[in-house]
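Breakdown of the fold
Each chain, written out:
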Amino acid sequence: MGYANLRELRSALTTASDLASSLQSAPTRRDADQLVDVLRQALTAAGSLHAETGPTGCALHPHGAVDPLYGDVEDPLPPGYGKCLLCNDRRRRADAHPAHARPHPRPHPHWRRRLSA
């Protein structure tokens, strides 16, 4: 997602630069509005880059620890694992203990249903 936002920012800035270079000494209102719209798109794209600046790239733990196995060629992480050590640890624990079917609770031996006669 970070790469897509960066690509969008670069595209908007290139378009803004092209529009600004093509402006005449007396630009029309339409030209000025078009330039403002493209610059707003660039500003929005630049603002969205800040959301993923942490080393993990994780939405929950952006500044958490990076998994030491991330990028290890000899012992690669399973598919779907990211850089975040906290999220990967949660995944490892879930994989190690598969979900068991919860047994139905049994009624206490002293509890009896009273049937209305």
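Residues numbered from 1 in each chain as written. Predicted model: local features only at pLDDT ≥ 70, side-chain atom pairs only at ≥ 80, totals over all residues. Heavy atoms only, no water.

1. Structural notes on the environment of Cys87
- Along the polypeptide, Cys87 turns up in helix α3 (residues 85-96).
- Residue Cys87 is classed as buried on the basis of its relative accessible area of 6%.
- In sequence terms Cys87 and Ala65 are 22 residues apart; their C-alpha atoms lie 9.9 Å from each other.
- When sequence neighbours within four positions are dropped, the list of residues in contact with Cys87 reads Cys58 and His61. (Helix = DSSP H or I, 4+ residues; strand = E, 2+ residues; numbered from the N terminus. Buried < 20%, exposed > 50% of the residue type's maximum accessible area, 1.4 Å probe, protein only. Contact = heavy atoms within 4.5 Å.)

2. Here's the deal with helix α2 (residues 29-49)
- The end-to-end C-alpha distance of α2, which contains 21 residues, comes to 31 Å, matching closely the 30 Å that a straight helix rising 1.5 Å per residue would cover.
- Within the sequence span of α2, burial applies to Leu35, Val38, Ala42 and Ala45. All buried residues of α2 lie within an arc of 85 degrees about the axis, which places them on one face of the element. Among the exposed residues of α2, those oriented more than 90 degrees off its buried face are Arg29, Arg30, Arg40, Leu43 and Thr44. (Expected span 1.5 Å × (residues − 1). Arc of directions from axis to C-beta.)

3. Concerning the pattern of salt bridges
- A full pass over the atoms with the stated rule returns 3 salt bridges.
- Asp33 is the salt-bridge partner of Arg29, the closest N and O atoms lying 3.6 Å from each other. Placement of both Arg29 and Asp33 in helix α2 is noted, with a separation of 4 residues, approximately one turn of the helix.
- Under the relative-accessibility criterion, Arg29 is labelled exposed at 64%.
- The exposure class assigned to Asp33 is partly exposed, which follows from its relative accessible area of 34%.
- Residue Asp67 is joined to Arg92 by a salt bridge in which the shortest nitrogen-to-oxygen separation is 2.7 Å. (Salt bridge = Lys/Arg side-chain N within 4 Å of Asp/Glu carboxyl O.)

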